[in-house]
Structure formats: C-alpha cells, structure tokens
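# Residue-level structure breakdown
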Protein chains: 2
Amino acid sequence: MKGKKKYVYYFGDGKADGRGDMKDLLGGKGAGLAEMSHLGIPVPSGFTITTEACLEFYKLNKTYPKGMWEETLKALKKVEKSIGPKFGDPDNPLLVAVRSGARASMPGMMDTVLNLGLNDQTIEGLIKRSNNARFAYDAYRRFVAMFGNVVLGVNRERFERTLEEQKIVTGVHSDTALSVDSLKTLVTAFKDIVLKDTGNPFPEDPLEQLRLGIDAVFNSWHGKRAQTYRRLNNIPESWGTGVSVVAMVFGNLGETSGTGVAFTRDPSTGKKKFFGEFLFNAQGEDVVAGIRTPLPIDALKKRLPKAYNDLLNIYKKLEKHYTDMLDIEFTIQDGKLYMLQSRVGKRTTAAALQIAVDMVKERLITQKTAISRIDPYQLDQLLHPMIDPKAKLNVIAQGLPASPGAAIGKVVFTAEEAEAMAERHEKVILVRTETSPEDIGGMHASEGIVTARGGMTSHAAVVARGMGKCCVAGCGEITINEATQTFTTRGITVKAGDFISLNGSTGEVILGKVALIQPQLGTAFNTLMSWADKTRKLKIRTNADNKRDAAVARRFGAEGIGLCRTEHMFFEEDRILAVREMILADSLEARKKALAKLLPMQKKDFIEILREMKDLPVTIRLLDPPLHEFLPHTNKDLEALSKEIGVPVTILKAKGQSLHEFNPMLGHRGCRLGITFPEIYEMQVEAIIEAACSLSKKKITVMPEIMIPLVSTCAELAQLRALCVETATAVMARHKQKITYTIGTMIELPRAALVADQIAQEADFFSFGTNDLTQTVFGLSRDDAGKFLPEYVEKKVLPQDPFVAIDQEGVGLLMEIGVKKGRSVKPKLKIGICGEHGGEPSSVAFCHTLGLDYVSCSPYRVPIARLAAAQAAIAGKDEAGHRSTV
Amino acid sequence: MKGKKKYVYYFGDGKADGRGDMKDLLGGKGAGLAEMSHLGIPVPSGFTITTEACLEFYKLNKTYPKGMWEETLKALKKVEKSIGPKFGDPDNPLLVAVRSGARASMPGMMDTVLNLGLNDQTIEGLIKRSNNARFAYDAYRRFVAMFGNVVLGVNRERFERTLEEQKIVTGVHSDTALSVDSLKTLVTAFKDIVLKDTGNPFPEDPLEQLRLGIDAVFNSWHGKRAQTYRRLNNIPESWGTGVSVVAMVFGNLGETSGTGVAFTRDPSTGKKKFFGEFLFNAQGEDVVAGIRTPLPIDALKKRLPKAYNDLLNIYKKLEKHYTDMLDIEFTIQDGKLYMLQSRVGKRTTAAALQIAVDMVKERLITQKTAISRIDPYQLDQLLHPMIDPKAKLNVIAQGLPASPGAAIGKVVFTAEEAEAMAERHEKVILVRTETSPEDIGGMHASEGIVTARGGMTSHAAVVARGMGKCCVAGCGEITINEATQTFTTRGITVKAGDFISLNGSTGEVILGKVALIQPQLGTAFNTLMSWADKTRKLKIRTNADNKRDAAVARRFGAEGIGLCRTEHMFFEEDRILAVREMILADSLEARKKALAKLLPMQKKDFIEILREMKDLPVTIRLLDPPLHEFLPHTNKDLEALSKEIGVPVTILKAKGQSLHEFNPMLGHRGCRLGITFPEIYEMQVEAIIEAACSLSKKKITVMPEIMIPLVSTCAELAQLRALCVETATAVMARHKQKITYTIGTMIELPRAALVADQIAQEADFFSFGTNDLTQTVFGLSRDDAGKFLPEYVEKKVLPQDPFVAIDQEGVGLLMEIGVKKGRSVKPKLKIGICGEHGGEPSSVAFCHTLGLDYVSCSPYRVPIARLAAAQAAIAGKDEAGHRSTV
C-alpha cells in the first residue's frame, strides 16, 4: 500500500470501502458486512478499523497510529449521516455496537459491547425516540454492566449480584419484570461499582466510551482467552484483530420488531429448506439465551410478510453470491430488515455432502468445488456408528480418540475372556493396560478397546483402526486392578461385567449403555466419491491382513492391498505353536520341520486374501517383527508350550532370554531375519506362489507383490530377491503355472531413502513405511513417546504428533530424496506409502505432491484417502510444482 | 592400448619391456623384476605374462588368448639367448621358476614351482653343467614333488611319506644325507605317485610342463586359498594374477654360491643398518626352512667381497630409487650376484617411524611422504603395553579386539570384587557377560575387561577405550557361571582368582601370566607427529569425562574436549543416591531438593576438568541417558536404596516399571529430559558456570561449550538455549564474572541433519554424534546388532561394521546434508564429530573431506586421529573436491 495508510473502512447504504475478500485486513466480520453492503443488502451502517491498526497499536506501545482516530471520527460522521441520529446527541442519539473480528472466527476473543453511546443525557433522547422508557433503561443498565466488565475489567459477578439483590428488594422474579425505577437504580448502582472498582467514574463522554471500546478490542488480542484459543487452533499472533463499529438497530422496539438466526439449508441433513428461528420484540442475545422459545421462521411470513420476503430474497442472493450454505443473523426494527452477519454455516458431514452435491446440480458450484468443500477428517463420522448427540453421557474417563466410532459392551480384562464371552454372544469392551499381538483374537471378539497406555499409533490403536473397531487409547486416568477384576477412574470403580460405552472419535469412556446411531452413506456420498475418484491421481489401497478386512476395504473403494502383514497370521491360535517351535528350533532341520507345518496354513491365508482381491494388486510383506515377540511371556503359557513341544521350561526361558533385545525396534527383525534365516522367507514365498498358482488354475487373476521389510542396503534386497525368485520359479515349475509377481521393498529406514538409487536397482516397487521412518528419523519410539510427546505438542516443540500426520520437513524431505534417487534409476518406479499416515488427509496431499503412485491405509480410512487425494489433485500441487530440495 | 595386445613382457640384461609402475598389468613381482632390470641391477632373465592374459583366460573358458603362447615362446628364446642354456636342451638345459604375482602381495596364492624344465634327458645336462649329480637329482626329486603337488594337485603328503620311507629304508636321518641312488629312486617313485593319482604320466615335455605351470598359476587365482585371502583383504576378483617365468640360478652349486634375504634397514627398530642373513651353498627355501643356521650378512664380506660390494651398491641404489626400506632376496651362483626380488619391507610401527623420520633427514623423502608412510591403525601398538611377541601363549578364547593393549590379572566377576581387590593392590581382570554403567568403578579398578556379549561399540568397549584400558568384548566362547564363580571356554574352567592375560589388539584371552613389553613413544614419534600437526586442517579433541582422561589426552596432543559426558559422573558412588532420589522424586520441589545435593558435586567435576583443559575448549554434554538407567536393578540394591531414602521397595519397583521403556535408545532421553524436567539441565548449567566463574577468579582461562543432546527440532534447542542463557546469566551476575561460553547441539538424529538449517539458527556449534546417527540411519541398535552384524559383514551385506568406520554412503550423506544446511545459515558454523568414529582413520579422512572443524576421540586414539587428519590433508580431498550431493 503506497502513500498514507487507510485504517478505517466505512460501509452502509449499499456502499463500502472494503470488500469480502479483505478478511486479512478487516477481519471476517468486517469483510462480511462490507460485502453485504456492496450487494445492496441492508446492513446497519458502520465502519471497520483494520487489523493493521491493531498491530501498529502494539508497536506504538498502545497508542493509535497517526490518523486512525481522525479517520474514525470521519467514518462516524458518515454513519450519522446515513442513519440520522448523531453520536452523543441528547435528542436523538446514535448508539453503536463495538465488535472484535480477526481473520478467523475466534470465540476466545472479546465480547461485543452493545448500546455504546448511552449516558445520562443521551438516555433521554433514546426514550424519546423509542417512546419506551423501560426499553431505554434496560439498554442503559445492560450497557453499563457490559462496558464495565468487558472494557473496564470489573468482575461481571458484581453487577449480577447487585441485579439479584435488586430483584429481591423489589420482589420480582425475572429481569423483564423490573420497573423503570428499578432499572434506573441499577444504572446508578452499577456506575458506583465501576467507580469503586476502578477508582474512576464511569465515562460519560460517548467519544471516550468509543475510544476505550476500541482500546479494549485491541487489548483483547493479547488477552489470556485469545492466547489460549490461538495456541489450540494454530492461529498466528501476527494476524491482529479488526474492530467493527456498527450502528445499533433494535429488535426489541415492539411487536413489529424482532431478531432471528437462520441457516439457508438444513445444517443437519443438508436439505434445501430455509431453516431458522425468530423472536418478536427481542434482541439477539435473547434468542441465544433461550429464555423465550423462538418461533420457526415461517411465523414471520404471516406477521411481517414484507420483511419475510426481503429475507428470502436476501438469503438467495447471499447463497448465490457465496455459493454456499450460510448462517445469517438479522434484526427487524420497526418492520425494517437489517442483516447483522452472514457467514458460511457449520454443518454435519451428511449435510455437507448433500449440500455440495445439490449445489452442483443447481449449477452453483463445480464438482471440484464440491469435492473441496468436504472435510476428509469429518468423513469418519459417516463410516462408524455414532453416539446419539441427544444422549446424556456419564463420562468417566478421557483418553485418545484412537479409532473412531462408538461401542457398547461389558467390561472384560483379558483377551481370553473377551473371546469366551463373544462366543456366548455377549458384547464386550476389552480394557487393558496395553495390548500385545497375543490379544488380537480378543480384540476381534470385542466391540471396542480401551488401553491405559500407548498413543495414537500404539498396537491397540493401529490394530483397532485396521479392524474398523472403536478404540480409546492412552487413557491414563484409569487404573486397572487385574486381581480384583476392576478398574478405577475419577473415584469410580467399574467391575468386570459392568456396561461401558466408548466414543472412539472423542476418546470418551462412558459409564453404562448409550444410544447409538447407525451410519448411512447415502447417495450424496456415493455421488461425491465418484467425482473424487475421477479427479484424483493417487491410487488408494488398503492395509489388510485377512479376507474380512479386505472385503470391507474393497466395499469402501480400495484398489488393492498396499500392506498385508504376515505376522498377524502367525499369532492365530492354530499356528502360534508351530511358530514357537520354529523359533525355538536348535537346528536348521528342526526349523524347517516347523516351517513345513506353517506352510499350508500360510497358503490358505494367501488364497483367501488373493481371492478376495482378485484382479487387484496385493502387496504381501514378509515376516517383520523380531522373533521374541512370538514367544509366550507368562509362566502359564510357558508351561503349556513346554508340554506341547516337549522342551523344558528352563530351556524355553533361556532361549527367550537369549532372544531378548534392548531395542527391539532396532533389532534382529525385518529382512535381517530373512538374511540369517532364509528358510523362513522361503516358506512364505512358497506359500504365496502356491496360493497364486492354485487360484490361477481356477482362472482367477491374482497380482501378488512380495515386499521385503526393513531394507537398509542394496545387498540385502539383492540377496533376498534372488532367494524369492529362485523359490517362486521352483513352485511355478512344479505347478506348470506362470504367475506375474513383483518384488519390492519397504523404505522405512533413513538409509534406505538415502541410498534409494542403489536399492531401486533391485526393486520393482518402493513402499514408504512412514511409521518406522518417523521413529528412526526422530529417534522416537512410538511405544515410549507417550511419556513426553503430549507435552511436546502442548509446548509447541512439535506442531503435531508426527505419527498422526507426516512430518514434512524431516521425514518428508527424506521421502523426497528417496523418490528422486529411486526414480533417477527407474523413472517409472512404482512408489506408495503404507504407514498409518496413508489415511491422514494432509499426509495424502503430501504424497500426491511427491508424485507417489498410491497410498495405503486401514479399510475404514479408504474413503477419506480417496477424498483427500482428489482434493490434493485439485489444489494442483503435483510433481511439477513441488518445493526445492536440499 | 591400441593395436594388438601385448601379453608377455621380457626382462634381463639391463633391459625390460615393462616398468616398475606397471604393477596392475605385471603384478608386483613382475614389475619389480622389470624395474631392477632397467636399473642395471643383475636379475636372472625371464618374462612376465600379464594379468590381462589371466582375465582373458577366464573369459575364453580357460584357453589362452590369441598370440599369448607364441609370445611366450618368443620370450623364452630371448631368455635362452641371454643366459646361454636352452629350454629342454639335454646337454645344457635352461631351467625356470614359475611364480604367480598379483597387484598386491597375496600369500594366499600359488606356491612357486622351481626347476621347471627337468626331465629324464635334461637331468643329464644339468649333471654335466653342475658337475654335481647329487645337486641335480635333489633338484629333480624336488621338482617332481613340487610340480606334482602345486600344478597337478597331488596331495603333498604322499610325496613326503615316500621320502620318509626311503630315509628309513636307507637308514639315513636327514634329506641331505640321501645318496644319488636314493634320490633317483625317489624321482621314479614320485612319478609313479603322479601316474596313479592323476591317471596320466608325469609330463616329460618341458614345454608341456611350462604350459601346465602357467595354467596352474592362472587357475590359482580362483583357488580356495586365494578367494579366502581376497575376501579377508578386500582384493577384487577383477585384478587377476600375472605369471613370472624366471631363469633358475643356483645358490647351491658349491661354496662360491649361496642365497640370502636382507632388509635395507632394521625392520624392528628402523635403525639404518644393512640387516640380513646368508647361507653358503644353499637355495632360498633352506634359509626359510631353518634347517641350517644362516650367517649374518657380514660373513659374505670376507668370503665373497666382490659379491658383497655389489650387494651394498645395489641396495643403496634400490633404496634411493624406491625411497623406502626394502626387503630383498638374492642368490649368488658361482660368485655372481643375482637379485631375485625387491619389495618394500614390512616393519614394526616403531621402525616405520624411525625410517620415515631418518629418510626425511637423508632428503630421500619429504615430510608429507613420511607422514603418509605410517599406518594410523598401527600407531595403537605404540600407545599400549604389548604382549611380548616371543612369548608362548595358551589362548583359551577369542573375542573382539575392543580396546587395544595387553593386561594381566586375576579373574573377578563383579565390579565390587574388582574394586575390593584393587584396594588390596591386586591386579584383576573383570569378566562380565556385559557391563553396565554401574560397573564403571570396577572397570577403573581393573587392568582389563572381558565381556561375553556386545560389539565393538558396546558399553564395555566404549568405556574401556575411553580409559585406555585393554578390553576383549563379545567373547561368545566363554560362559560365565556367577554362582560357582567360574567361567568355561573350550572345555577349560577358569576360577575367580586364576590369572588370565588379555590381548586387546587381537581379542585373545590367554590363560596365565604372559610377558609384556612397555610402550615407548620416542623422538621419531614426536618428530613425525609434529609434522602431522603442521599439515592437518582438522583439530583433534578428545572424549573425556574426568581429569585423569583429560590429562592423558592432553599429553597425547588433544586440543580440547569434544565430548564430556555428564552421566558417568552421576554413577559415582557418592552421588548415585542423590541421582536416584532425584529420579524418584514425586514433586518438582522434591526433585529440586535432590538436584541441590548434586550441584556442588557436579561443580567440583567441572572445576577439575576445566582446570585440566585450561586455555582449551571443553564441550560438556548435558544429561543424555534415560533416567531408568540410573535406577538399581537387583533386589539387594533396591532394598539398600529403600532404606537410605525411606521409600518402600514396592514403590521403588513401581516407579522403575513406570520408567521402563520398550526402546530406550528411542525413548525419553537427551534434550527430551531437558524439556520435561528443565530443572535438571538448569542444575547442570549452574554447575558449569559456577565452576567456570571460580576458575576465572583465579585467572584460569576456561572455554566451556554447552552441548544439548538428541535434538530433532529447532524448537527444542531454542527453548533449552533460552533456559541455559537465563541460568548462566544469573550465575555470572551473582559472581560478577563474565564467562565466554557457547551453546550448541549434537547432530545425532536423522531429522537434525535434515533440518540443520533451522537448528543452526539456534546453535553456536554442531557435533555429529555418529554412534546414534548410525543406529538411527540403519535402524540398528548397537547393543543388539551382535546377533546378526557379524553375519552381515561375513556375507558381504555390509562391507564393514558401520559402528567402527563411518558408513559414508548413508550416514555420511546425511552428515553432508547437515553440514551444507547448517553452513547455509551460518557459513562459519563450527562443526565437529564426537562419535566413536572420531578416532578411526577412514572416518577422520571423511570428516576432513566434509570440511569439519574437528574430530573428537578417546584419549588413546588422539595420536591416530592427528596422523589420519594429516594424511587426509595430504591426500587433498578437501571441501572443494568432494563428491556431489543428492
């Protein structure tokens, strides 16, 4: 901006200095009022002091920048000219409302001050004009209290207490029953409170009131509430707030006055129906306070048809202009309609979908805009049962919203008990300090899972999301006492068998059974998702280890499996024994014997999954976790195993100890197992190709992709690739079948990304394992991070949990290096991501930017990823435009 | 090479087709012989078949490349012309020796075949020429056996057994006593053995003998011995071997003949003294075999003064030509001297230093050449006591050479016992399954340490190197039985109190007490190191946690401390209790109380270290390990602690469990402790600045550098920097002192390197912690890697242990990114390295290439680092010339 800076923007009479797109300078409220003015929509005249003025106010040690006050007075004159009454005129006073307004809506900011401009002189003018002394004094006492509290910092309770006392003294029960005299008395009493509390008399000069009001808005930007809100919502301090000064209009001047709020469409369902509430002879706060029951908006039609028609025309004009559903506030003063606010309305996800799809049909917006309007994070709401919002909840603990949805069941404390009760058709909630892979069966059997420890990517969380099962993790409030089969929280003891309910979308644990709402996807969802599918460039796959999950994901639109973990299969009851036998084998022969038992079971697993995913690619990851994870931990289990395989418990224990690792995450796992025990990977590849051959014989097209985990050097992949090819070739020869399969690798260690050009020479595809990559890039164990990560996020050391959304600066840079180096060798190298991030919208967008081919996520996140991918494509950040490198 | 390839290079008569710098093509031996010919030094004529011919031989499925055989015959003719006798001539036969020779000396290659060309006809000519039938038949029977074994693959023992039988039959005791007839009988018997064993008669045609001999040398390149040697010494298969065919000269033709080996200077001390041994009337193998006692070289002076003078002139000529100490082999035939070999001689480190320094004084070489001649890895020999090489050793176990030197002492199994016995002035060796920080005291008290588990960078290894204490780690052969206070290995049981000896340079554990040699650095060492110091660009610092280590390092030339770990101080007996109290504190107040107890002790530590390192920088790292490392682990210790601090054992246990981590390496440690418990870092900074102030008052210049560990985001460093500055400022104000201090960070996590441009904004210096960086880049816990890393190195998945030498491709690339990004923000940012790699020569060279300012290593490695840094500077790989980036 050149020349003299403009600090004050006038609006009114169908004109405005500002525009709707000047939110940064005028704040949301100021920009909205300016825009409505331009559209010829009646708004009370007023003006907005810019956010720049606010910022300079701070720079200048809380004084106004040069010219601001003069501009303010000039704008005030224009308002007077537009409205008629004059500010401070004892005969016909102009009153104003002073409001704060930042770029984004900030409920943590300053309250509005209404009726500013009243004093012992102007009150007479207001009485005269309104011919309603009660109305005028009621406004006056409200003004003194509001100004005293909001601007002068007097405790609100002092005014309220005095008001209550006055009611007792005069024997009335409601504020509205107070007489004019009582109100007068209150004005005087309130002013006394101000004098006593602040040491200064209540300011009678309207201009001083205005100046103090503006100061208060500016100061509120650094108030405690605003700071907290900014921190919680990532709003930078550097934005500043605007101040809107608007001429008062009164809905409480009689029966031809009133005030209302409305949505231009139904915010719950999205139906195209004007939807709102209205109160005759009332001010805005009365609608919100709920003292009187508002009427449906139709009531207006009969009593004030002109205003009603105006309103209809205005809302249509606004919807057309903003091309969105709006939330509007208006006041009718003596039959004349004024719009006080219009903004894009909040809505449920179902409504958002309906409105977006309808508006495309109405040619208000394009398909791309419709896609961009839906918050992918919110889609979760649609995919899981929800707790009825009308239900009354007895929340007894708060944990992390680890896997969305809701669940009701009886409390159980062990996986075995969960399975036993599920067999008796009882619904259970599994409550554990933390879960381990041995609990998988019990987790399957449960309606939902609660853990006392562990974060958003703890075992419980990851597995639950994979199953689409509700989970509340890291619920530190609850203390489990397994001996007494109870848990305690907030002084309450809950016994095994008691009913609890979970809200996995909020992390709440609720005592008793609550009412649930079942999800319904509906046609709007399907329409919008079909548009998203046309738009996106990323393919969406799913992480699934069994046919059930695979089927769910396919129904949700998955285009293949990006990660089929084989270790979960190892834990199933019928095979864990053979797995343990294999691990405890003393010789290669003994190990091979145990592996031979596993082979047919693994083959069956792969047949089921490959059949479910016929015609689509299935990436199968060979065994990844360290072997000790499969060993029994309790004496009871050890004894059982000892009996079964005939090895003394002492030897089992010694073997377990020799397998113990200080840092299992960085230990003998992944392809390191394949290098040292090639026979394990050999068995798995044999099972995969056997399965493929047997389906291929039935003319079912299968596309297995064999994935080697935890590769850090090219030599690892080269050696294991040779092993896989040799094994696969032998199986195919045996069956006289030709299976098209590929061999690729996880990129989940920093070194793999750093030497991706070497690794690419041996890989048909890359799949970023961003869970482990995040762990190693940060040097941060997700199992242990719970002790300090929440504090890190709270103290702003990290903007967010890097296990939830990809850390683009660190992990992302390494991914970029991996993609570039990989494709420098193989320009068309297929690259995907299969970490938990694959279903997180900002991470999906980042993957699009990197030019990946696909993301893979848990089944219930597939629709989210589809939508996020489409939005990323629309945002147009593709390979060409992405940021520079190191 | 254009036109027709030349496969055969002649030499002799002061001429040669090849040159000394053609080692790649002719092998070391062939090139040496060619070079001596050029120098006019008498060598027996001969020719060398190139390594290229060898490689083509393999390509052509074991046939000679076109023209090679023809060239061979032509060269043979030239030899005949030069020498006189003709190959295969029954009257006057030319005999040849056939030798292999690759680019590098390879003891794993083929043995030489001597006397080739003998058959039942040519033997007569040899008798005639030598007038010595016994000599001739002795040569014949040796040839048949040697050819039969080396070329035809007959087991050597079969010839030897026959020889022994013949001696018994004829009643003689030594080979030399065998009669001509006996030798004739043996020739026949040996040929029979060949016929029976190979199915073919012994080849009588000299040309067939030659062809088979050449084939055998070529084939030996892929023989098992050669393959093993190549693998162990990193020699590529693609080099191939040359074949040298040399006319035989005979030192065993009578008393004017003889053979000798000599070093041009003393290989043990480096003294400038011609040094060698000679045998009259003998062949080379007799000197080596040790059947007769050789005479000192001076003996030649009297008996064959002409030959002796020739030898002196030749060796001086050779030394001047090669500008190095040489190892030469020669033969005198009938008074005429022939040189058979000359090569750079092997020597002890002490000799290498002496020779290098002397040769600079003699103006044979420059200081830079002298520096480059010393192998930094070998310097270790000089710095530690060594086992007397003459001692006979009873090796009972083999572990990793974790910390060099030698030690003798009585076996103890606990750190407490080690300390108790050391107090009684007994020398002990601490034998543990693995050590933990609690063992520090016992390690200090011991002469040496053996562990059954853990690698080159295990706790024991790192701490021992820091102390300069001998250590054998990961000695998996030994099994410790603490109950019986014994360990067993190779069927031997060793009790507590038994003497053992350790060789930390080889990893050997030896039963009993062995003789030791004490190290002496000497003036040559100091001279050469002073040249190195002038040459190098890198500064060399040390890792030291106490004044003793600091003093040692300073004596070894350290220019500051690059890493002073503060946690070791926490383990000392007088403070561990306060540390535990601090950890177990339930409130901030209780924690502060415990910290207040630690403050004066920490201050004392820092005073001692800073005083020892006055005028030099001292980088002090704030607390790094997770807190649970400090807690007691045994019930006994728990009970003792419980009594001392008055907290029940159950609560101590519960607290210990709550601090337990799945992956402590990736857990709540480093700066994460500083963020969540700022009072700990506050105490440490207070102690540092208090110490600095109290020394500063005594006019002692101190240069503390405060280092924040495990930083992964800029925000961590920014917050902790603010804390440090605030604390330091308060302390300085209290003392009215101004201390110059800096605040920097470890770069030890991949993310820190990736966002180094952000972190640099808050850092005065960077120090690469390549231990942890290697762990996270590879996703490899060094505590757990022992299970598969050896197999990885053996299977060539990794070229070497990345905890020993920096992995330049992966870890190094990340370091490069870190340096570039850091200096993009602060071009003069001081950057060092303080991982274990700081004392490893190839890693030091890499740090030089990256343009780092310093490396820091354990005290005993400081001289190694100084030398390696100088060599890197000479090699000239500096910032300008280094490789391109991602």
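### A closer look at the overall build of chain A
- Helix and strand content of chain A: 35 helices and 34 strands.
- In terms of principal-axis extent, the alpha carbons of chain A reach across some 105 × 60 × 55 Å.
- When the 886 residues of chain A are sorted by exposure, 57% land in the buried category.
- Here the analysis covers contacts within chain A between residues at least 6 apart in sequence; of these, 69% occur between residues at least 24 apart.
- Total accessible area computed for chain A in this model is approximately 35800 Å², and 52% of it derives from carbon and sulfur atoms.

### Section: the relation of the copies chain B and chain A
- For these two chains of identical sequence, chain B goes onto chain A by a turn of 179 degrees and a shift of 0.1 Å along the axis, with RMSD 0.4 Å. What the superposition gives is, in effect, a two-fold axis relating one chain to the other.
- Taken as a fraction of all interface residues of chain B, those also at the interface in chain A reach 100%, which identifies the copy contact as same-surface.

### Regarding the nonpolar core
- Judged by nonpolar contacts, the single largest core of 280 residues is most densely connected at A:I708, A:M815, A:L852, B:I708, B:M815 and B:L852.
- Those residues within four positions of B:I708 in sequence are excluded, and the remaining contacts are B:L622, B:C671, B:Y681, B:L717, B:L720, B:C724, B:I743, B:G744, B:T745 and B:M746.

### Topic: helix 5 (residues 133–150) of chain B
- Its 18 residues give helix 5 of chain B an end-to-end C-alpha distance of 25 Å, which sits within 8% of 26 Å, the value for a rise of 1.5 Å per residue.
- Burial analysis of helix 5 of chain B places 14 of its 18 residues in the buried class, which makes it a mostly covered element.

### Here's the deal with the sheet that holds strand 20 (residues 470–473) of chain A
All names here are of chain A.
- With mixed pairing, eight strands are arranged side by side in an open sheet as 15-25-24-17-18-19-20-16. Every interior strand has two partners, whereas the edge strands, strand 15 (395–398) and strand 16 (400–403), have only one. If you compare each strand with its neighbour and ignore which way they point, the axes differ by 30 degrees on average.
- With three bridges connecting them, strand 17 (residues 406–412) and strand 18 (residues 428–432) associate as parallel partners. For V411, the partnering residue across the bridge sits in strand 18 and is I429.

### Here's the deal with empty space enclosed by the protein
All names here are of chain A.
- This model, assessed by the stated rule, comprises six cavities of 30 Å³ or more.
- By volume, the second largest cavity is sized at about 40 Å³.
- In terms of lining residues, the second largest cavity is bounded by D380, H384, S403, P404, R465, G468, S858, Y860 and R861.
- Looking at the lining of the second largest cavity, its residues break down into two nonpolar, four polar and three charged.

### Structural notes on the interface of chain B and chain A
- Tallying the contact residues gives 52 residues for chain B and 52 residues for chain A.
- Summing the contributions of chain B and of chain A, the shared interface buries around 4700 Å²; its carbon and sulfur component is 58%.
- For the chain B face of the interface with chain A, the top three residues by lost area are B:F662, B:L666 and B:R751, together amounting to 14%.
- Counting every contact that joins chain B to chain A gives 32 residue pairs in polar contact (both at pLDDT 80 or more).

### Overview of the sheet that holds strand 34 (residues 854–857) of chain A
Residues and elements named next belong to chain A.
- Strand order in this closed barrel of eight strands is 27-28-29-30-31-32-33-34, and the pairing throughout is parallel. On average, adjacent strands in this sheet sit at an angle of 30 degrees to one another, irrespective of strand direction.
- Two elements, strand 29 (residues 617–621) and strand 30 (residues 703–708), share five bridges in a ladder whose sense is parallel. Within strand 30, the position partnered with R621 by the bridge is M707.

### Focus on the packing of aromatic side chains
- Summed over the entire model, instances satisfying the criterion amount to 38 aromatic pairs over all chains.
- With a centroid separation of 5.7 Å and an interplanar angle of 70 degrees, the aromatic rings of A:F788 and A:Y792 are classed as edge-to-face.
- On the basis of relative accessibility, which here comes to 1%, the residue A:F788 falls in the buried class.
- Between the aromatic rings of B:Y64 and B:W69, the centroid separation amounts to 6.1 Å while the plane-to-plane angle is 20 degrees, which identifies the pairing as stacked. Of the two residues, B:Y64 and B:W69, both sit in the buried class.
- Cluster of aromatic residues (ring-pair linked, three or more members): A:F57, A:Y58, A:Y64, A:W69 and A:F218.
- Sitting over the ring of A:F280, A:R303 keeps its end group 3.6 Å from the ring centre.
- In this structure, A:K336 is placed above the aromatic ring of A:Y338, and the distance from its NZ or CZ to the ring centre is 4.8 Å.

### Here we look at the confidence of the model for chain A
Residues and elements named next belong to chain A.
- In this model, chain A carries a mean pLDDT of 90, and residues with pLDDT of at least 70 account for 97%.
- Across residues 877–886, where pLDDT falls below 50, the model places 24 contacts with residues more than four positions away in sequence or in other chains.
- The ipTM value of the predicted complex is 0.81, and its pTM value is 0.81.

### Quick word on the side chain of A:S843
- Position of A:S843 among the secondary structure elements: in helix 34 (residues 841–850).
- Not counting residues within four places of it along the chain, the set of residues in contact with A:S843 comprises A:V804, A:A805, A:I806 and A:H837.

### Some words on a negative patch on the surface
Residues and elements named next belong to chain A.
- There is a patch of like negative charges on the surface, built from E416, E417, E419, E423 and E573.
- A total of four residues in the negative patch trace back to one element, the largest contributor, which is helix 16 (residues 415–423).
- If you trace the backbone, E416 turns up in helix 16.

### Focus on the packing of helix 20 (residues 547–555) of chain A against helix 23 (residues 588–612) of chain A
Residue and element names in this part refer to chain A.
- Running from N to C, helix 20 and helix 23 cross one another at 10 degrees; their axes reach a closest spacing of 9 Å. Taken together, the axis directions place helix 20 and helix 23 in an arrangement best described as roughly parallel. Residues K547, A550, A551 and R554 of helix 20 lie in contact with helix 23, whose contacting residues are E608, I609 and E612.

### What about the environment of B:G258?
- Checked against the element boundaries, B:G258 lands in strand 9 (residues 258–263).
- Here the alpha-carbon distance between B:G258 and B:T349, two residues 91 residues apart in the chain, equals 32 Å.

### A look at unusual backbone geometry
- Here the phi dihedral of A:R363 falls at roughly 60 degrees; this positive angle occurs in a residue that is not glycine.
- In this structure, A:R363 sits in the loop between helix 13 (349–361) and helix 14 (367–373).
- One non-glycine residue with positive phi stands out, namely B:L710, at about 60 degrees.
- Structurally, the position occupied by B:L710 is in the loop between strand 30 (703–708) and helix 28 (714–735).

### Here's the deal with the pattern of salt bridges
- One pass over the structure, following the stated rule, counts 99 salt bridges over all chains.
- A:R734 is the salt-bridge partner of A:E686, the closest N and O atoms lying 3.2 Å from each other. Of this pair, A:E686 sits in helix 27 (residues 678–697) while A:R734 sits in helix 28 (residues 714–735); the two residues are 48 residues apart in sequence, bridging distant segments of the chain.
- The class for A:R734 is partly exposed, based on a relative accessible area of 48%.
- A salt bridge links B:E791 to B:K795; the shortest N-O distance between them is 3.0 Å.
- Residue classification places B:E791 among the partly exposed positions, given a relative accessible area of 26%.
- One network of salt bridges, with partners in common, ties together A:D533, A:R536, A:K539, A:E559 and A:R866.

Reading guide: rules and limits
- Residues numbered from 1 in each chain as written.
- Chains lettered and ligands numbered in written order.
- Predicted model: local features only at pLDDT ≥ 70, side-chain atom pairs only at ≥ 80, totals over all residues.
- Heavy atoms only, no water.
- Helix = DSSP H or I, 4+ residues; strand = E, 2+ residues; numbered from the N terminus.
- Buried < 20%, exposed > 50% of the residue type's maximum accessible area, 1.4 Å probe, protein only.
- Contact = heavy atoms within 4.5 Å.
- Areas by Shrake-Rupley, 256 points an atom, 1.4 Å probe, with all protein chains shown as cover.
- Least-squares fit on C-alpha atoms with pLDDT ≥ 70 in both.
- Core = buried A, V, L, I, M, F, W, Y, C linked by side-chain atoms within 4.5 Å.
- Expected span 1.5 Å × (residues − 1).
- Pairing = 2+ DSSP bridges.
- Axes fitted to C-alpha atoms, helices over the stretch in contact; angles between N-to-C directions.
- 1 Å grid on protein atoms, 1.4 Å probe; cavity = no way out; pocket = protein on both sides within 12 Å on 5 of 7 lines; lining within 4 Å.
- Points joined across faces, edges and corners; volume = space filled by probe spheres on them.
- Nonpolar A, V, L, I, M, F, W, Y, C, P; charged D, E, K, R; others polar.
- Buried area = accessible area lost by both parts, 1.4 Å probe.
- Polar contact = N/O pair within 3.5 Å; in protein donor to acceptor, adjacent residues only side chain to side chain.
- Phe/Tyr/Trp six-rings, centres within 6.5 Å; stacked < 30°, edge-to-face > 60°.
- Lys NZ or Arg CZ within 6 Å of the ring centre and 35° of its normal.
- pLDDT = per-residue confidence, 0-100.
- Patch = residues over 30% accessible without salt bridge, like charges linked within 9 Å, V, L, I, M, F, W, Y side chains within 5 Å.
- Salt bridge = Lys/Arg side-chain N within 4 Å of Asp/Glu carboxyl O.
- Lys, Arg positive; Asp, Glu negative; His and termini not counted.
- Charge placed at Lys NZ, Arg CZ, Asp CG, Glu CD.
- Parallel < 35°, antiparallel > 145°, perpendicular 65-115°, else oblique.

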